[in-house]
Amino acid sequence: MNERAMQRQLKRMTAAVIITGFLILAGGGIFSASLGNVLSSTLRSQMESETEEYRISISRQTEADFQTLHTLSSFLEFSNTMDTESFARGLYESNNHNRFIRMGYFPLEGDGIRVVLNGSIETGVSPDSLPDTFQETVAKAWNGESAVSDFYYDELLEDTIIAYAVPVYQNGKLTGALAASDSISTLASILDDTTVLNSQGYIHMLDGDGRFLIRSENMVIRKELDSIFDSSYIEEEEKTRIRSAMGKGQNCFSRFHYDGQDYQIYLASLGIHDWYLLCVETAQLASTPVYSLVTATRITFIGLLALMVFLTFYGYRLLRKNNRQLISLAYYDTLTGAYNYSRFSQEIEPVIGKTTRYSIVALNIRNFKFINEIFGRNRADRLLCHISEVLEDSLSGEEAFCRDSSDLFFLFLLGTDRNVIRRRLQQIQARVAHMTLSSQRNNYPALLYCGVAVCMDTEEHRDTVSEMVTHSLFALRTAKDTPGNIWFYDQELHKTEEIENYVESHMQQALDDGEFCLYLQPKILLQNGKLGGAEALVRWIPSGHSMIYPDQFIPLFEQNGFCARLDMYMMEQVCIHLRKWHDSGLPFLPVSVNQSRLLFFETGYVESLCGLVEKYRIPPEMITLEIIEGLSMEDLDALNERIGALHEKGFRISMDDFGSGYSSLNTLGSLDIDELKLDRGFLMEITSNRHPNQKIIMEEIVSLSRKLRISTVVEGVETEENEAFIRSLGCDYGQGYYYSRPVSAEEFLQTWLKGRED
Ligand code: C2E
Ligand code: CA
Ligand code: CA
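Participant: Run through empty space enclosed by the protein, naming residues and quoting values.
Facilitator: A water-sized probe rolled over the atoms picks out the places where empty space is left. Across all of its chains, the model carries 3 cavities of 30 Å³ or more by this definition. Looking at the largest cavity, its volume works out to about 140 Å³. Around the largest cavity, the lining comprises 15 residues; the ones closest to its centre are Phe212, Ile221, Ile228, Phe256 and Leu278. Residue composition of the lining of the largest cavity, by class: 12 nonpolar, 2 polar and 1 charged. In this structure, the second largest cavity occupies an estimated 50 Å³ of space. Lining of the second largest cavity is provided by Arg102, Met103, Gly104, Phe106, Arg114, Phe134, Tyr152, Ala179, Ala180 and Ser181. By residue class, the composition of the lining of the second largest cavity is 6 nonpolar, 2 polar and 2 charged.

Participant: I'd like a rundown of the nonpolar core, residues and numbers included.
Facilitator: Core analysis: the largest hydrophobic core is formed by 83 residues, its most contacted members being Phe516, Phe553, Phe557 and Met698. Looking at this core element by element, the count peaks at 11 residues for helix H14 (residues 563–583). Filtering out sequence-adjacent residues up to four positions away, Phe516 remains in contact with Met507, Ala510, Leu511, Val538, Arg539, Trp540, Phe553, Phe557, Phe562, Leu566 and Tyr569. Listed in part, the 43 residues of the second largest apolar core include Met47, Tyr54, Ile203 and Phe253.

Participant: How would you sum up the coordination of the calcium ion (ligand 3)? Please name residues and give values.
Facilitator: At 2.0 to 2.6 Å from the calcium ion (ligand 3) lie its protein donor atoms, namely Asp656 (OD), Asp657 (OD), Glu715 (OE) and Glu715 (OE). In primary-sequence terms, the residues that donate to the calcium ion (ligand 3) follow D-D-x57-E. In this structure, the calcium ion (ligand 3) lies 3.8 Å away from the calcium ion (ligand 2), the two metals sharing Asp656 as a donor. With Asp656 in strand E24 (residues 652–658) and Glu715 in strand E26 (residues 711–715), this pair connects stretches of sequence that are 59 residues apart. Residue classification places Glu715 among the buried positions, given a relative accessible area of 11%.

Participant: Can you explain the layout of surface pockets? Please cite residues and give values.
Facilitator: By volume, the second largest pocket is sized at about 240 Å³. Around the second largest pocket, the lining residues are Arg418, Ala453, Val454, Met456, Thr458, His461, Asp463, His471, Tyr489, Asp490, Gln491 and His494. Elements with a minimum of two residues in the lining of the second largest pocket: strand E18 (448–454) and helix H12 (491–512). Here the residues of the lining of the second largest pocket sort into 4 nonpolar, 5 polar and 3 charged.

Participant: Tell me what's going on with the site of ligand 1, and back it up with residues and numbers.
Facilitator: Not every one of the 23 residues close to ligand 1 is listed here, only the nearest: Gln521, Arg539, Asp567, Glu718 and Tyr737. Side-chain polar atom of Asp656 to an oxygen atom of ligand 1: 3.1 Å apart, as the coordinates give it. Contact distances for ligand 1 include 3.3 Å between an oxygen atom and a side-chain N or O atom of Glu715. Burial of ligand 1 by the protein chains amounts to 87% of its free accessible area of 780 Å².

Participant: Explain the pattern of salt bridges to me, using residue names and the numbers behind them.
Facilitator: Scanning the model with the defined rule gives 22 salt bridges in all. The partner of Asp333 in a salt bridge is Arg403, and the shortest N-O contact between them spans 2.8 Å. Of the two residues, Asp333 is situated in the loop between helix H6 (289–331) and helix H7 (341–352) and Arg403 in strand E14 (residues 400–405); the sequence distance between them amounts to 70 residues. By the burial criterion, Asp333 is buried, and Arg403 matches it.

Participant: Describe in detail a nonpolar patch on the surface, supporting the description with residues and values.
Facilitator: On the surface, Leu304, Leu307, Phe310, Leu311, Tyr314 and Leu318 cluster together into a nonpolar patch covering about 590 Å² of accessible area. Secondary-structure assignment places Leu311 in helix H6.

Participant: Could you give me a rundown of the coordination of the calcium ion (ligand 2), with the residues and numbers involved?
Facilitator: Around the calcium ion (ligand 2), the protein contributes the donor atoms Glu535 (OE), Asn594 (OD1), Glu626 (OE) and Asp656 (OD), which lie 2.1 to 2.3 Å from the metal centre. Considered as a linear motif, the donors of the calcium ion (ligand 2) on their single chain read E-x58-N-x31-E-x29-D. Looking at Glu535, the relative accessible area reads 4%, which means it is buried. On the accessibility criterion, Asn594 (24% relative accessible area) is partly exposed.

Cut-off values and rules
- Residues numbered from 1 in each chain as written.
- Chains lettered and ligands numbered in written order.
- Predicted model: local features only at pLDDT ≥ 70, side-chain atom pairs only at ≥ 80, totals over all residues.
- Heavy atoms only, no water.
- 1 Å grid on protein atoms, 1.4 Å probe; cavity = no way out; pocket = protein on both sides within 12 Å on 5 of 7 lines; lining within 4 Å.
- Points joined across faces, edges and corners; volume = space filled by probe spheres on them.
- Nonpolar A, V, L, I, M, F, W, Y, C, P; charged D, E, K, R; others polar.
- Core = buried A, V, L, I, M, F, W, Y, C linked by side-chain atoms within 4.5 Å.
- Buried < 20%, exposed > 50% of the residue type's maximum accessible area, 1.4 Å probe, protein only.
- Helix = DSSP H or I, 4+ residues; strand = E, 2+ residues; numbered from the N terminus.
- Contact = heavy atoms within 4.5 Å.
- Donors = N, O, S within 2.8 Å, 3.2 Å for Na, K, Ca; no water.
- Near = heavy atom within 4 Å.
- Polar contact = N/O pair within 3.5 Å; in protein donor to acceptor, adjacent residues only side chain to side chain.
- Areas by Shrake-Rupley, 256 points an atom, 1.4 Å probe, with all protein chains shown as cover.
- Salt bridge = Lys/Arg side-chain N within 4 Å of Asp/Glu carboxyl O.
- Patch = residues over 30% accessible without salt bridge, like charges linked within 9 Å, V, L, I, M, F, W, Y side chains within 5 Å.

Here you go:
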């Protein structure tokens, strides 16, 4: 997945989480709102019905008062004969038997009488001397109406009172008004009932302007307020709404905020004057089950939302981290932190769009496998990191480098001047070599070798980066064996590359067309100088193309796996020839056949070999399998197992190229081989006289082999002196140009087999 795709996925996931979060929130909101609605409508109807009950109680009280007055007034109808004195007496008596605190009679003409409960009797009282509201009430009664006064404070009674008045008739004629007063406490006691809304509320009585007529004892707002509109607790908007409703005599709901809490209120017209009952809910609903449910759902949803937010955040962070890791895995080498190849190509792309004056360098560490084995992985890793640091430091702005695999680095350098590049690479080599690897016994400088491809930009062709990378790798191979360890891709390498391209694209066809030919090189028995055997070597002779040598295709075939098939083909060629020669009356000759590692470990390998020798009726002892030593101990076990199986069938095993690479004497003891082929490097070294110790080593190897009953073959015998030397060591066979170059099977038959005496 690339960076952009990951970002997209991240965005999609975030969006999904946010949408889910919103859905939960919306769902929770709707649910909680609907519960809230249920709750508030329940509460409203409860407030309505309770207030209505109180309204009825108050009406009943006033009606009862009127009832009493009406009854008394009808008595008066027949008492016209009574004098004022006895009338007042009667009124006084009757007052003592009802709840009124004062009664009075005010005739249309003349002065009135007033009596006080258990108190005085006044005569000659004119209504004009009494409070306005009382006068108005009496006036209404004189007009034939039953009327109620406003509340007013009576200084004589030292109480706030309310007065009622009814008309009095005598002989069908309206003659006056009968009035009675009652203490406000009678009505207040009704409103002070503590059972309002299950003790979760209280009721006030207001006049039409919102002024308090009766303030309930149970109120929350303790402050003495004249009117509900005086307070700042009710918002202005609500006040306007309430005023308008009250102006029309309508009931209405509202709310106010006090001391951090919201209170619901209900205003219901009382039906007396413009008076209102104000019901206040104090409980905050907290104790109602519906309210707990609403609260519980709200808490749950908020909790869920919080969890969601947390998970989103956490998930996002996790994803980002993961994302970053993926990106760094995709673009960086985890060990050194350098770019990997794909990021490297991305980085240099814009630069090569601008210029063709650049070079690509492939860089490798000499004997890196050996360093890994001898100094351990950790030190080898540290060396790689050190190289990374040196490279980082040596490159300029637009230049770049990467670690491709193992010890292979690529450099993108600006410029095409070979001398400049060589100098820069030499500096890098020197800085890397500075870090010597050391163990108790070894002091080993880390050596870099470099293959360089300079960008070729001609009219016919301009190198692409991938072509240049391939070129640098070709140059790298040559660099390994060149003094100075720096090599520039050149014409010759170009030819090699062409051949390799040819090889890879033609190998299968060549095998089918029989272009791979059997060549043989004799092995000479040193004790008598006679032919002791031969090594089969492949030659590729394409039609219309010059001969291709194994060095140009075997390493390639080993990489692409084709080698196993070629080896089997060569094995069959050997069998075919041995059979043909034997059939023509010649004795069998032991022939060595090179076996690639790939083939050697293939399943069914032993069976295939047996199949061939059986098919051509060749004694297996005539076939020697040349193998190259493995590096690790696990391989050694597997190798021994294979060798055992092959020995059982009668084949002989030879260890090829011993002494090149990292073969050790230990192999001689641990591998059950029949023959040891000493690499031609030994003779080269000894001839050049560079390392005189090489002679001693060779001597030791030969003597040790003899003790282990392993026969020895020395490769690369090119001179008489070579032969004399290996003979002096007591080697068994010699092989090399001194005796013969590898020749075609036909030539081998003519020069080596015919006329051979055993
Ligand atoms: P090798 O098995 O070590 O074969 C010996 C190589 O040394 C041969 O090269 C041979 O021509 C060369 N040689 C022999 N005597 C002398 C000498 O006196 N001086 C010098 N300088 N060279 C000498 P060739 O035939 O080019 O083969 C190269 C390598 O290719 C072989 O090395 C072997 O590893 C591989 N090879 C050749 N044929 C086959 C094959 O059929 N299968 C496999 N798997 N590998 C093969
Ligand atoms: Ca060989
Ligand atoms: Ca060899």
